[in-house]
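# Descriptive structure summary
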Amino acid sequence: MTEISAASLEARKRIRTDQPHTARIWNYWLGGKDNYPVDQAAGDQIRALHPGIGDYALADRQFLGRAVRHLAGQCGIRQFLDIGTGLPTADNTHEVAQRVAPDSRVVYVDNDPIVLAHAEALLTSTPEGSTAYLDEDLRNIDAILEQAAKTLDFSKPVALVLLGVVIFIEDDEEAYGVVRSLMDRLPSGSHLVLSHTITRPDMPDVDAAVAFWNENGTPKLTQRTPGAVSRFFEGLELLEPGVVSCNRWRPDSSEVPAEVAMFGGVGRKA
């Protein structure tokens, strides 16, 4: 079963192609085609400041796949609420989850017209499962949960996926409050999957790249320290290996990869 909450044609009218946008630059770094020359130019400039930036996008995407596979396979999670979806690419949340458990139900949430315009690509599903897309802001918790309840059963565990989205909330207390409020509304056995761009003294080129972006692109990004990212998991049982570089969260290879400045973790609500 699939459904969509708004017309993608209307969304396309709101897309600005004269200004670089983070979702399209991310798509460019991942080798996608849903970007414009202005995004490619900005992406190349950021990569010149920090040559490894493309690895962050890939690490974050692969972290999503490993986390969803673990939750669907080892933890028996069958419901996923993915907020801050981003542009569709390979191995989206529903594809990974339904590959493991065909009856998985997934709701995507984003308020970006760029994402909305491409939302149909997120709305494929196995016959046993279901996917839906909501055009909502992360802060509109009541509206998100009310609409998502048409697809998800909130009396059963849900995996809340927040990859690279709370970086758009500048105020720390508001960011922590939004995540805490969402988890408070989910039942025991639910999980939080979260990733965040970090700042650390030994990675100054990341700070330079983010500063360039905040001067030239939209929306603005907020970095946080690894310790500050860990705060999002307070009150949850943090799964091993904790909050780490995304490519070091249960990697498929035994080889330890070099850290990237995108940290993530998975926590369980008791």
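An account of the accompanying structure is given in this report. Quantities reported herein were computed from a predicted structural model and do not represent experimental measurements. (Residues numbered from 1 in each chain as written. Predicted model: local features only at pLDDT ≥ 70, side-chain atom pairs only at ≥ 80, totals over all residues. Heavy atoms only, no water.)

## A few points about the overall build of the protein
In terms of helices and strands, the protein carries 10 helices and nine strands. In terms of C-alpha radius of gyration, the protein reaches 17 Å, essentially the compact-globule figure of 18 Å for 270 residues. Residues counted as buried form 54% of the 270 residues belonging to the protein. Across the protein, the fraction of contacts at a sequence separation of at least 24, relative to all contacts at a separation of at least 6, is 73%. Accessible surface for the protein amounts to roughly 11,600 Å². Of this, 50% is attributable to carbon and sulfur atoms. (Helix = DSSP H or I, 4+ residues; strand = E, 2+ residues; numbered from the N terminus. Rg over C-alpha atoms; globule rule 2.2 N^0.38 Å. Buried < 20%, exposed > 50% of the residue type's maximum accessible area, 1.4 Å probe, protein only. Contact = heavy atoms within 4.5 Å. Areas by Shrake-Rupley, 256 points an atom, 1.4 Å probe, with all protein chains shown as cover.)

## Things to note about the packing of helix 3 (residues 37-49) against helix 9 (residues 204-216)
In a packed pair of helices, the relevant descriptors are the angle between the two axes and the axis-to-axis distance. Two elements in contact, helix 3 and helix 9, have axes whose closest approach is 8 Å; the angle formed by their N-to-C orientations is 155°. It follows from the interaxial angle that helix 3 and helix 9 lie roughly antiparallel. Seen along the crossing, helix 3 lies across helix 9 with a hand that is right-handed. The segment helix 3 lies against helix 9, with Ala42, Gln45, Ile46 and Leu49 engaging Asp205, Ala208, Ala209, Phe212 and Trp213. (Axes fitted to C-alpha atoms, helices over the stretch in contact; angles between N-to-C directions. Parallel < 35°, antiparallel > 145°, perpendicular 65-115°, else oblique. Left-handed = near helix turned anticlockwise from the far one by under 90°.)

## Some thoughts on the packing of aromatic side chains
Applying the stated rule across the entire model yields two aromatic pairs. A ring pair is formed by Phe63 and Trp249, whose centres lie 5.7 Å apart and whose planes are at 80°; its orientation type is edge-to-face. Separated by 186 residues along the polypeptide, Phe63 in helix 4 (residues 53-73) and Trp249 in the loop between strand 8 (244-245) and strand 9 (262-268) bring together distant segments of the chain. Accessibility expressed as a relative area gives 0% for Phe63, which makes it buried. Between Tyr176 and Phe232, the aromatic rings sit 4.5 Å apart at their centres with planes inclined by 50°, giving tilted as the arrangement. With Tyr176 in helix 8 (residues 172-184) and Phe232 in the loop between helix 10 (226-230) and strand 7 (237-238), this residue pair connects regions lying 56 residues apart in the sequence. A residue is classified by how much of its surface remains accessible, and Tyr176, at 4% relative accessible area, is buried. (Phe/Tyr/Trp six-rings, centres within 6.5 Å; stacked < 30°, edge-to-face > 60°.)

## Some words on the pairing of strand 5 (residues 159-163)
Among the five residues in strand 5, five count as buried, and that is most of the element. Here strand 5 shows a buried face lined by Ala159, Val161 and Leu163 and a second buried face lined by Leu160 and Leu162. Across three bridges, the pairing between strand 2 (residues 79-83) and strand 5 is parallel. Bridging from a neighbouring strand, Phe80 pairs with Ala159 of strand 5. Two strands pair when backbone bridges link them, and strand 5 and strand 6 (residues 191-197) are joined in this way by five bridges, in the parallel orientation. Across the sheet, residue Ala159 finds its bridge partner in strand 6, namely His191. For the crossover from strand 5 across helix 8 to strand 6, the handedness is right-handed. (Pairing = 2+ DSSP bridges. Right-handed = clockwise from strand over helix to strand, strands pointing away.)

## Observations regarding the environment of Asp18
Along the polypeptide, Asp18 turns up in the loop between helix 1 (8-12) and helix 2 (22-29). Measuring from C-alpha to C-alpha, the distance between Asp18 and Asp44 comes to 16 Å, with 26 residues separating the pair along the chain.

## Things to note about the pattern of salt bridges
Applying the stated rule across the entire model yields 14 salt bridges. Note that Arg69 is salt-bridged to Asp252, the shortest N-O span being 3.8 Å. Residue Arg69 is found in helix 4, and its partner Asp252 is found in the loop between strand 8 and strand 9; the two are separated by 183 residues along the sequence. Within this structure, Arg200, Asp202, Arg248 and Glu259 form a network of salt bridges that share partners. (Salt bridge = Lys/Arg side-chain N within 4 Å of Asp/Glu carboxyl O.)

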